[in-house]
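Per-entry structural report
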Amino acid sequence: MSGKILQIVTNNPEIYRGPEMPYGIVFADGSPMDVLDKTEELLQQGWRLLSAPLPPNIPLMRGPYRSLVIVESDSRYDAAGLKAIDKARMRYGMERAAGCRTASGSDFAIIDHSMLQRTLKDISLLNT
């Protein structure tokens, strides 16, 4: 993946470009669903999904923030990524339809940031 451009799609205000985050940032104002929508749009424009679109557990799914990693791709569409985004959208919809309370707070921003850093570390380990 050397030479490929990584980008972060996020709605987390704690994610910004800097020395510890040298990747492009695409902000999606709104909810995690808006992050999924923006990511889906980019996956149809020559980007490929690298991170899991769903957080690892239900309490984090109820959080207000989500950050996803995408990479520049040689193909126009990322069919597998689009399927994963669609499944994530259905799961988020089921959680909200079940009457789950949406959480808020800065703790979720910190958790999302930590999960993003872990994902980026895992990606770099896979490519070495």
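Keep in mind that this is a model prediction, so the values were computed, not measured.

**As for helix H1 (residues 32–43)**
The end-to-end C-alpha distance of H1 is 16 Å, a good match for the 16 Å that 12 residues give at a rise of 1.5 Å each. Taken together, the buried positions of H1 are Pro32, Val35, Leu36, Thr39, Leu42 and Leu43. The arc that holds the buried residues of H1, viewed along the axis, is 125°, so those residues lie on one side. Measuring from the backbone nitrogen of Met33 back to the side-chain oxygen at the start of H1 gives 3.1 Å, which picks out Ser31 as the cap.

**Side note on the nonpolar core**
Proteins that are soluble and globular tend to have nonpolar side chains buried together. Formed by 16 residues in total, the largest nonpolar core has its most connected members in Leu43 and Ile70. Of all the elements in the fold, those that place two or more residues in this core are H1, strand S3 (47–49), strand S4 (67–72) and helix H3 (79–97). Those residues in contact with Ile70, other than ones at most four positions away along the chain, are Ile5, Leu6, Gln7, Val9, Thr39, Leu42, Leu43, Trp47, Arg48, Leu49 and Leu50. Formed by nine residues, the second largest nonpolar core is a distinct cluster that contains Ile8, Ile15, Val69 and Leu120.

**Overview of the pairing of strand S2 (residues 24–27)**
Residues Gly24 and Val26 point to one face of S2 and are all buried, whereas Ile25 and Phe27, pointing to the other face, are not buried. Both strand S1 (residues 6–10) and S2 contribute to a ladder of four bridges, which runs parallel. Residue pairing for S2: Gln7 is matched across the bridge by Gly24.

What counts and how
Residues numbered from 1 in each chain as written. Predicted model: local features only at pLDDT ≥ 70, side-chain atom pairs only at ≥ 80, totals over all residues. Heavy atoms only, no water. Helix = DSSP H or I, 4+ residues; strand = E, 2+ residues; numbered from the N terminus. Expected span 1.5 Å × (residues − 1). Buried < 20%, exposed > 50% of the residue type's maximum accessible area, 1.4 Å probe, protein only. Arc of directions from axis to C-beta. Polar contact = N/O pair within 3.5 Å; in protein donor to acceptor, adjacent residues only side chain to side chain. Core = buried A, V, L, I, M, F, W, Y, C linked by side-chain atoms within 4.5 Å. Contact = heavy atoms within 4.5 Å. Pairing = 2+ DSSP bridges.

These results come straight from atomic positions and should not be treated as a statement about function.
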